[in-house]
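Below are the chains, spelled out letter by letter.
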Amino acid sequence: MLAGDSIGKEFAVTCFGESHGRCVGVVVDGCPAGLPLSQRDLQKEMDRRIPPKPEIVSARREKDIVEVLSGIFKGFSTGAPICTLVWNKEAVPGEYDQIEDVPRPGHADYPARIRYGGFSDYRGGGRFSGRITVAFVMAGAIARKLLGLFGIEVFAYAIEIGKIKVEKKLTIEEIQRNTYKSAVRCPDLELGRTMEKEILKAKSEGDSVGGVVECVALKVPVGIGEPIFDSLDAEIAKMLFDVPAVKGVEFGAGFKAAQLRGSENNDAYAIREGEIVTITNNAGGVLGGMSSGMPIVVRAAIKPTSSISKEQKSVDLSKMEETLIRVGGRHDPCIVPKAVPVIESAVAVVLADHMLRAGVIPKVLRKEK
Ligand SMILES: Cc1cc2nc3c(=O)[nH]c(=O)nc-3n(C[C@H](O)[C@H](O)[C@H](O)COP(=O)(O)O)c2cc1C
């Protein structure tokens, strides 16, 4: 197993599979015994991955029925590694022959060819396909279930697509109620429809758009995180950057904090209903690499899909000649809608790992009689 295929110390996640190989799967090691868990729990999360409007996502329509191979018995996690997978049934052989020698600008084809000496499975981007994120979602489903037992909720939603941006303040209730009613996963439903048009416009021009996904984690206890080098924000950022197409991560006020004065940026303390809180949350719920007790608020910038049908410059590596490429195959004109549950899963996996590392989540949740 290559070291780079796993993440987490106590809730350790290893993903395997390629876009056009037989399957994509995940092994979750360290999930405490006694977590109520079933195939249905995983399937429910997997089904949220595919937005309801086929025109705004890739034409590849995998059914993605989750198979549980190990680690769940009689409706509970056993404490053994949980291995789950989905089979690739819609892979089209030959669909990606073009990119064997002509790397797509913006995709991983060229560095992967050099890094793996020409042996990597390039079909559909292989290991670098967005398809591998089904593994993130399966692991995230387990993590979210686990965190839920401890009152922690994690949810993500789209706040920007192309140049369309959510400006109005949304309540937690609105976000939770509306996100999955929107084809683009934007809780401002009206704006979501404008975002859909933005995606379709780019698609009709043989192009693509990017956007921003925001993720919130509620009720994370104070003091979670392992400074200095396993700080909570650093660990979340690392996993978010492991999501293909993520090019920027910020917490709370993020890059805007750089323009503020200390007096504007500091989150003043107060007591509300006997609890220490901060009046604002510019820190995004993390101070000194530890959770502050306020909601964790993190945003991931998603680049526009690199595989576009517009003509672009590339090189033919077999002939060492400059050439032109129009990327064929089935691609998402915007990655954001599918990335929403992936981002949510990535944050949940890191939080589950750190809750276990802090000893807040025990190794066994339900003792045998
Ligand atoms: C859910 C999801 C779906 C994606 N779909 C596509 C796609 O259809 N076409 C494409 O070129 N890239 C897609 N990507 C992005 C590529 O996998 C990614 O850009 C590539 O691996 C290069 O990595 P980088 O962008 O992080 O540098 C997708 C990413 C995610 C998270």
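Residues numbered from 1 in each chain as written. Predicted model: local features only at pLDDT ≥ 70, side-chain atom pairs only at ≥ 80, totals over all residues. Heavy atoms only, no water.

1. A word on the packing of helix H3 (residues 133-149) against helix H8 (residues 336-357)
Contact geometry for H3 and H8: axes closest at 7 Å, N-to-C directions at 50°. Viewed along their axes, H3 and H8 adopt a mutual orientation that is oblique. Our pair here, H3 against H8, has a crossing hand that is left-handed. Taken together, the residues of H8 that come into contact with H3 (itself represented by Thr-133, Phe-136, Val-137, Ala-139, Gly-140, Ala-143, Arg-144, Leu-146 and Leu-147) are Pro-341, Val-342, Glu-344, Ser-345, Ala-348, Val-349, Leu-351, Ala-352, Met-355 and Leu-356. Here the contact of H3 with H8 is built from residues that sort into 14 nonpolar, three polar and two charged. (Axes fitted to C-alpha atoms, helices over the stretch in contact; angles between N-to-C directions. Helix = DSSP H or I, 4+ residues; strand = E, 2+ residues; numbered from the N terminus. Parallel < 35°, antiparallel > 145°, perpendicular 65-115°, else oblique. Left-handed = near helix turned anticlockwise from the far one by under 90°. Contact = heavy atoms within 4.5 Å. Nonpolar A, V, L, I, M, F, W, Y, C, P; charged D, E, K, R; others polar.)

2. Digging into the site of the ligand
The environment of the ligand is made up of 17 residues, and the closest members are Phe-128, Ala-245, Lys-303, Ser-307 and Asp-332. A distance of 2.6 Å separates an oxygen atom of the ligand from a polar side-chain atom of Ser-307. At 2.9 Å from an oxygen atom of the ligand is found a main-chain nitrogen or oxygen belonging to Asp-332. Out of a free accessible area of 630 Å², the ligand has 89% covered by protein chains. (Near = heavy atom within 4 Å. Polar contact = N/O pair within 3.5 Å; in protein donor to acceptor, adjacent residues only side chain to side chain. Areas by Shrake-Rupley, 256 points an atom, 1.4 Å probe, with all protein chains shown as cover.)

3. Focus on the pattern of salt bridges
Enumeration according to the criterion identifies 28 salt bridges in this entry. Here Arg-104 makes a salt bridge to Asp-109, at a shortest N to O gap of 2.8 Å. For the salt bridge of Glu-235 with Arg-357, the shortest nitrogen-to-oxygen distance reads 3.5 Å. Of this pair, Glu-235 sits in helix H6 (residues 232-241) while Arg-357 sits in helix H8; the two residues are 122 residues apart in sequence, bridging distant segments of the chain. (Salt bridge = Lys/Arg side-chain N within 4 Å of Asp/Glu carboxyl O.)

4. Let's talk about the sheet that holds strand E7 (residues 82-87)
Pairing is antiparallel in the open sheet, where five strands are placed in the order E1-E2-E3-E7-E4. If you trace the sheet from one side to the other, it starts and ends with strand E1 (6-7) and strand E4 (67-70), each paired once. Bridge count for strand E2 (residues 12-17) against strand E3 (residues 23-29) is six bridges, and the pairing is antiparallel. Bridge pairing in E3 places Thr-14 opposite Val-27. (Pairing = 2+ DSSP bridges.)

5. Overview of a nonpolar patch on the surface
A cluster of nonpolar residues, Tyr-269, Ile-271, Ile-276 and Leu-287, forms a patch on the protein surface that exposes about 470 Å² of accessible area. Within the element layout of this structure, Leu-287 appears in strand E14 (residues 286-287). (Patch = residues over 30% accessible without salt bridge, like charges linked within 9 Å, V, L, I, M, F, W, Y side chains within 5 Å.)

6. Things to note about the sheet that holds strand E11 (residues 246-251)
What the five strands build is an open sheet, ordered E9-E8-E10-E16-E11; its pairing is antiparallel. Both outer strands of the open sheet, strand E9 (164-165) and E11, are each paired with one neighbouring strand and no more. Sitting on the sheet, H6 is in contact with E11 and strand E16 (296-302), with an inclination near 160° to E11.

7. Structural notes on the environment of Ser-19
Mapped onto the elements of the fold, Ser-19 is located in the loop between E2 and E3. In sequence terms Ser-19 and Val-350 are 331 residues apart; their C-alpha atoms lie 25 Å from each other. Contact partners of Ser-19, with chain neighbours within four places excluded, come to Arg-60, Asn-88, Ala-91, Arg-123, Gly-124, Gly-126, Ser-129 and Arg-131. Looking at Ser-19, its side chain comes within polar contact range of the side chain of His-20, at 2.8 Å.

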